[in-house]
Amino acid sequence: MDSGSVGAGNQLLHVDIHIDEHEPCRGILDLLSRLRPHWKAQDIQMKTFTEGITNQLIGCYVGSLQEPGCVLVRLYGRMTELYVNRDREVEMFQVFHAHGCGPQIYCSFQNGICYEFVRGTVLDDELLRQPSIYRLIAAEMGRIHSIQPKCGLSVEPLLWTKMSHFLTLVQSSINSSPAEPRCTKSSVALQEVPSFETLSAEMESLRRHLSQIDSPTVLCHNDLLTKNIIYNHNEGMVKFIDYEYADYNYQAFDIGNHFNEFAGVNDVNYSLYPSRELQRDWLTAYLESYKHSTGREVTVTEAEVTQLYIQVCKFSLASNFFWGLWAILQSRYSSIDFDFQRFVPLKQKKIDFFHVVTQCPQLAMCVWVSLCMNIVS
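The protein goes by ethanolamine kinase in an unreviewed UniProt entry, where it is assigned to Lates calcarifer. UniProt, in the comment section headed Sequence similarities (unreviewed entry), describes the protein in these words: "Belongs to the choline/ethanolamine kinase family." Reading the Pathway (unreviewed entry) entry of the UniProt record for the protein gives the comment "Phospholipid metabolism; phosphatidylethanolamine biosynthesis; phosphatidylethanolamine from ethanolamine: step 1/3."

Below, the structure written as structure tokens:
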């Protein structure tokens, strides 16, 4: 893959149908009659994937799921259009595919999209820590980060715009009448979430500090948890999927966000946050790939690794805050059976330390050590 420019721009087929999320089979068959007209309805098999926590994902195939031609049908989660730019998502699909970094998108429909199945297996938390695997992930991220905007257009990082939008939605949800709880597993009331005023103040503290850090703005995935990584053992490669939040953003945010995902999603355990040694090895593999993909000297120095390491540690704070806001919104609007309310305090547990960063970065790092097991010395 070369590091050409962003801007696939191809017109995407749109099928004007709505698929019932509770009884999707009929609508999916209607969709497939247009995408795969040579498939006989009686031969089509469907598999529902359970990894997603905001959307429904159904694999459709004839013969074997791993054979070419399999179609993935994604049904958007309830009210996700409030915080996901679906047009931008389609554009990111096309960009990632154009540069050999993602699957082909086949079509959109009223409440979802169809795209190519990426052969391989969804990565699990144990594989994420294996050097041979995490170096592949680091190298793939380096390649994606090297993709340049179309015609040298100026780009701004997504982080503050998206975070401000999340905050606005949180404020609206607080002011509106409470919705019925959507999750049967919920054990923590939303009243335990920090106030809107506190959240706003903490975001501004993050913005003031992190905006001073010279982290490049690059094309980012922005949501690289294990379930968004497909590992193909036979080909010795990884691919990233799910581009709902993909856009230009701070380089260090994308990496720090991925490091946070080492702690897991369903059972969050920050003792699993990658050690300093693992991080430095990961960052070395990343910088080698990033430099190679941008046509620079591939030699990576210890000073370069250390500089990026410090930036990533700081931006990992912003990642936790970002997804904490997201979890508040999900607990309010999602129809998926996932304990988002329990997820909120776990992702927000470091919020009390955000303001420390701007006052005393060294103290903030010491606090971070106690939470994340020696990620900063």
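A. Broad picture of the overall build of the protein. Along its length, the protein carries 11 helices and 11 strands. Of the contacts formed within the protein by residues at least 6 apart in sequence, a portion of 74% connects residues at least 24 apart. For the protein, the accessible surface area stands at approximately 16900 Å², while carbon and sulfur atoms represent 50% of it.

B. A look at the packing of helix α3 (residues 131-145) against helix α6 (residues 251-260). With their axes 12 Å apart at the nearest point, α3 and α6 run at an angle of 155 degrees to one another. Compared by their axis directions, α3 and α6 come out roughly antiparallel. Both α3 and α6 take part in a crossing whose hand is right-handed. Across the interface between the two elements, I137, M141 and H145 from α3 touch Q251, D254, I255 and H258 from α6.

C. Main features of α3. Taking 1.5 Å per residue as the helical rise, α3 with its 15 residues ought to reach 21 Å, and the 21 Å between its terminal C-alpha atoms agrees with that figure. For α3, the set of buried residues is I133, Y134, I137, A138, A139, E140, M141, G142, I144 and H145. Against α2 (86-98), β8 (217-220), β9 (229-232), β10 (237-240), α6 and α7 (276-293) lie the buried residues of α3.

D. Broad picture of the nonpolar core. The biggest cluster of nonpolar side chains holds 89 residues, and the ones touching the most others in it are I137, L159, I255, W282, L283 and Y286. With 17 residues, helix α8 (residues 302-333) is the largest single contributor of residues to this core. Lining this core are residues from two domains, each supplying at least three of them: domain 1 (24-116) and domain 2 (121-172 + 193-349). If we ignore the near neighbours within four places in the chain, the residues touching I255 are M141, H145, W282, L283, Y286, L308 and V312.

E. Local environment of the sheet that holds strand β7 (residues 121-122). Read from one edge to the other, the open sheet built from 3 strands follows the order β7-β9-β10, with strand pairing classed as antiparallel. For this open sheet the edge positions go to β7 and β10, each flanked by a neighbour on one side alone. Strand contacts of α3: β9 and β10, with the helix running at about 50 degrees to β10, the strand carrying the most contacts.

F. Representation of unusual backbone geometry. Of note in this structure, N222 is not a glycine but carries a positive phi near 75 degrees. Relative to the helices and strands, N222 is located in the loop between β8 and β9. Take N222: its relative accessible area is 2%, and that puts it in the buried class. Positive phi outside glycine occurs at D242, with the angle close to 70 degrees.

G. Fine view of the state of the cysteines. One pass over the structure, following the stated rule, counts 0 disulfides. The thiol of C60 is not disulfide-bonded; the next cysteine sulfur, from C70, is found 7.0 Å away.

H. A look at the confidence of the model for the protein. Looking at the protein as a whole, the pLDDT averages 84, with 80% of positions reaching at least 70. Taken together, the stretch residues 181-189 has pLDDT below 50 and engages in 19 contacts with residues farther than four places along the chain or on a different chain. Within the model, the stretch residues 343-377 combines pLDDT values under 50 with 78 contacts to residues more than four positions away or in other chains.

I. Structural view of the sheet that holds strand β1 (residues 13-15). Here we have 6 strands laid out as an open sheet, ordered β1-β5-β6-β4-β3-β2, and mixed in their pairing. Unpaired on one side and paired on the other, β1 and β2 (45-49) mark the two borders of the sheet. Within the sheet, the average angular offset between the axes of one strand and its neighbour, ignoring direction, is 25 degrees. Here β2 runs beside strand β3 (residues 56-61); their pairing, made up of 5 bridges, is antiparallel. Looking across to β3, one finds that F49 is bridged to L57. Seen against the sheet, α2 touches β4 (71-75), β5 (105-109) and β6 (112-116) and runs at an angle of roughly 5 degrees to β6.

Parameters and conventions
Residues numbered from 1 in each chain as written. Predicted model: local features only at pLDDT ≥ 70, side-chain atom pairs only at ≥ 80, totals over all residues. Heavy atoms only, no water. UniProt positions renumbered as here; feature names shortened; annotations may be inferred. Helix = DSSP H or I, 4+ residues; strand = E, 2+ residues; numbered from the N terminus. Contact = heavy atoms within 4.5 Å. Areas by Shrake-Rupley, 256 points an atom, 1.4 Å probe, with all protein chains shown as cover. Axes fitted to C-alpha atoms, helices over the stretch in contact; angles between N-to-C directions. Parallel < 35°, antiparallel > 145°, perpendicular 65-115°, else oblique. Left-handed = near helix turned anticlockwise from the far one by under 90°. Expected span 1.5 Å × (residues − 1). Buried < 20%, exposed > 50% of the residue type's maximum accessible area, 1.4 Å probe, protein only. Core = buried A, V, L, I, M, F, W, Y, C linked by side-chain atoms within 4.5 Å. Domains from an automatic or database assignment. Pairing = 2+ DSSP bridges. Disulfide = S-S within 2.5 Å. pLDDT = per-residue confidence, 0-100.

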